[in-house]
Amino acid sequence: MTKPILTTDRLILQPLEHRDLDLIISLFTDEEIMTYAGGAVSAESCEKEMPDYAGLGHKVAHQGVWTIGLRETGEKFGTFSLFPMPKDKEETIPTGHTEIGYFILKDYWGKGYVTEAAKHIIKFAFTETNLEQLTACVDDDNAASRNILQKVGMIEDGTIEAYGTILPFFTLNKQDWLTKNG
C-alpha cells in the first residue's frame, strides 16, 4: 500500500524512500538530535537499517515514516513516523499502541515545523484511517517534545514500558480530537 503525500501551508510530508538515506544519516548520527532517543548510531547502521525503516507501512497505509520538507523548495529536513510503539529496545514486541515520532535537523528547531507536521498527521490518522487513539512517549528530560505533544492536544497519561525502559506516556483519542476539531 502507498502512504499518501501530505501537505500543510509550509510543509510537504512524503513517504520515506531509500534515496533519503543521506537525510537519515544526518539525523541519526547526530549526537545532539539523538540525545533523547538512545544516542547516535553509525552511518553503517543507518545503511543497514534503511530498507526496514523505508519499508515501514507498506502493508498498512497509515503506518510508516514520512520525510518532512519545505513545501516551497522540497528541501527535506526531518522525519515523522506513525507506527506501533515497541515495548523492548530491539523493537520486536509491540505495546499495542500506535505512536507518533519525529526527528528534525537542528537548523529547523524552534520554527514550529514539528507542531505543524504533527497536527496534520493527527488529522490524517483520525479522518483517513480507523485509528481510535494515538500515543507518544518521551524521555523525562525532553521538555521540547513534551511541549509539542501538549500543543497538539496530547495528554500525559502516566508512564509506559517502551523501548526497554519506563517513559512518560501521552495519548490522544479520536473522539476527543473530533470534538475539538470537528
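Criteria and thresholds
Residues numbered from 1 in each chain as written. Predicted model: local features only at pLDDT ≥ 70, side-chain atom pairs only at ≥ 80, totals over all residues. Heavy atoms only, no water. Helix = DSSP H or I, 4+ residues; strand = E, 2+ residues; numbered from the N terminus. Rg over C-alpha atoms; globule rule 2.2 N^0.38 Å. Phe/Tyr/Trp six-rings, centres within 6.5 Å; stacked < 30°, edge-to-face > 60°. Buried < 20%, exposed > 50% of the residue type's maximum accessible area, 1.4 Å probe, protein only. Arc of directions from axis to C-beta. Core = buried A, V, L, I, M, F, W, Y, C linked by side-chain atoms within 4.5 Å. Pairing = 2+ DSSP bridges.

Caption draft 1: Geometry of the overall build of the chain. Counting its regular elements, the chain contains five helices and eight strands. Taken from N to C terminus, the helices and strands of the chain fall in the order β-β-α-α-β-β-β-α-β-α-β-β-α. Taking 16 Å as the expected radius of gyration for a compact globule of 182 residues, we find that the chain reaches 15 Å, a close match to that expectation. Dimensions along the principal axes, computed over C-alpha positions, put the chain at roughly 45 × 40 × 35 Å.

Caption draft 2: Spotlight on the packing of aromatic side chains. Across all of its chains, the model carries seven aromatic pairs by this definition. Pairing Phe77 with Tyr108 gives two aromatic rings, centres 4.2 Å apart and planes at 15°, and the pair type is stacked. Note that Phe77 is positioned in strand 4 (residues 76-86) and Tyr108 in the loop between strand 5 (94-104) and helix 3 (113-128), a separation of 31 residues in sequence. Here Phe77 falls in the buried class, since its relative accessible area comes to 0%. Seen from their ring centres, Phe77 and Tyr113 are 5.0 Å apart, and the 45° between their planes marks the pair as tilted. Taken as a pair, Phe77 in strand 4 and Tyr113 in helix 3 lie far apart in primary sequence, 36 residues in all. On the basis of relative accessible area, Tyr113 is assigned to the buried category, the value being 12%. Through a chain of ring-to-ring contacts, the aromatic side chains of Phe77, Tyr108 and Tyr113 assemble into a single cluster.

Caption draft 3: Structural context of helix 4 (residues 143-151). Turning to helix 4, its buried residues number three or more, namely Ser145, Arg146, Ile148 and Leu149. Down the axis, helix 4 shows its buried residues gathered within 160° of arc, on one side only. For helix 4, the exposed residues set more than 90 degrees away from the buried face come down to Ala143, Ala144 and Lys151. Phi for Gly153, located one or two positions after helix 4, is positive at around 100°.

Caption draft 4: Inspection of unusual backbone geometry at higher detail. A positive phi is found at Tyr163, a non-glycine position, where the angle reads about 55°. Locating Tyr163 in the fold gives a position in the loop between strand 7 (155-162) and strand 8 (165-173). Judged by its relative accessible area of 26%, Tyr163 is partly exposed.

Caption draft 5: Seen up close, the nonpolar core. Counting residues in hydrophobic clusters, the biggest one holds 33 residues, and the most contacted among them are Phe80, Leu82, Ile100, Leu134 and Met154. Looking at this core, the elements that each hand over two or more residues are strand 2 (11-15), strand 3 (64-70), strand 4, strand 5, helix 3, strand 6 (133-137), helix 4 and strand 8. Sort the elements by how many residues they give to this core and helix 3 lands first, with nine residues. Core analysis: the next-biggest nonpolar cluster, separate from the first, contains 14 residues, Leu27, Ile33, Cys46 and Tyr53 among them.

Caption draft 6: Examining the pairing of strand 8 more closely. Two elements, strand 6 and strand 8, share five bridges in a ladder whose sense is antiparallel. Directly across from Cys137, in strand 8, lies its bridge partner Phe169. One ladder, built from six bridges, connects strand 7 with strand 8; its direction is antiparallel. Bridge pairing in strand 8 places Thr159 opposite Pro168.

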